[in-house]
Amino acid sequence: MSPFLVYTIPGSPYGRAVLATLIEKDAPCRVVAVPPESIRKEPHISRHPFGRVPVLEHDGFVLYETQAMVRYVDRAVPGKPLTPQDIRAAARMDQIMNISDWYLFHGVNSVIGFQRIVGPRVLSLSPDEAAIAAAKPKAHKVFRELERLLGTNEFLAGSQLSLADMMAVTQLDLLSETPEWAALTAETPNLVSWLARMNARKSLKETTWEKVNLLARAA
Ligand SMILES: N[C@@H](CCC(=O)N[C@@H](CS)C(=O)NCC(=O)O)C(=O)O
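These numbers were taken from a predicted model, which means no experiment stands behind them.

Peer 1: Describe in detail the overall build of the protein, supporting the description with residues and values.
Peer 2: Secondary structure summary: the protein contains 10 helices and 4 strands in total. Ordered by position from N to C terminus, the α and β elements of the protein give β-α-β-α-β-β-α-α-α-α-α-α-α-α. Taking 2.2 N^0.38 as the reference for a compact globule, 219 residues should give roughly 17 Å; the C-alpha atoms of the protein span a radius of gyration of 17 Å, in line with that estimate. Based on the C-alpha atoms only, the size of the protein along its principal axes is roughly 45 × 45 × 25 Å. Taken across its 219 residues, the protein has 40% of its residues classed as buried. Taking all contacts inside the protein whose residues are at least 6 apart in sequence as the whole, residues at least 24 apart take part in 72%.

Peer 1: Go over the pairing of strand E2 (residues 29-33) with me, naming the residues and quoting the values.
Peer 2: Pairing between strand E1 (residues 4-8) and E2: 5 bridges, direction parallel. Bridge pairing in E2 places Leu5 opposite Arg30. Between the parallel pair E1 and E2, the chain is carried across by helix H1 (residues 13-24), and the sense of this crossover is right-handed.

Peer 1: Quick rundown of the domain arrangement of the protein? Include the residues and the values.
Peer 2: Domain boundaries assigned for the protein yield domain 1 (4-81 + 204-218) and domain 2 (87-201). Summarising the inter-unit geometry, the C-alpha centres of domain 1 and domain 2 are found 20 Å apart. Contacts between the two partners involve 15 residues from domain 1 and, on the opposite side, 17 residues from domain 2. Sort the elements by how many residues they give to the side of domain 1 that touches domain 2 and H1 lands first, with 6 residues.

What counts as what
Residues numbered from 1 in each chain as written. Predicted model: local features only at pLDDT ≥ 70, side-chain atom pairs only at ≥ 80, totals over all residues. Helix = DSSP H or I, 4+ residues; strand = E, 2+ residues; numbered from the N terminus. Rg over C-alpha atoms; globule rule 2.2 N^0.38 Å. Buried ≥ 20, exposed ≤ 12 C-beta atoms within 10 Å, placed from the backbone. Contact = placed C-beta atoms within 7 Å. Pairing = 2+ DSSP bridges. Right-handed = clockwise from strand over helix to strand, strands pointing away. Domains from an automatic or database assignment.

Following this line, the structure appears as structure tokens:
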């Protein structure tokens, strides 16, 4: 199978979700680092007209939007499926992928993760404490809901690893590095255990910020 190219900025949770999915599927992949300052310039803007990362390229087929990318990888690569057969578990997976995009990223990780980690590390910005404080109520709501949906299951969509885990874990792992994490998870013990189980997987160990940096340099 020809290799999958992932254009990303090391540290991007969306880029990491695509890379970790490729590793779960045992698919050959390469990282192409996109310099943050050139994300809205050529050649990247032709790959992604909205000027974001990641972008996936496979045999000349170019795709953006992480949900589309991980679904494509799951369909294109034979072997262990990351979409449940059971229609209700599949619906739960779809729901959590959207929760991850709409509620966990927007207004939560895009604020707390960005202000605390990405902004300072990538753009040398200082955290905006007022923005972080304003994001906390929404963050608590998302954490409580993910805890409720996870329940005592091993994975977010039930007993099987799915694309929902691959998308949510990279957002939550970034948040786990922030000082807000302890308060956010005070009442979500199952989510904390799930994150530890996920982080023990090869796909997560091989896609830490540092590892993606090394993969990008080696490419
Ligand atoms: N809906 C997009 C979201 C991608 C996204 O927001 N990526 C962030 C990095 S994690 C980005 O490109 N940020 C750069 C910017 O907004 O300037 C997807 O699913 O791929």
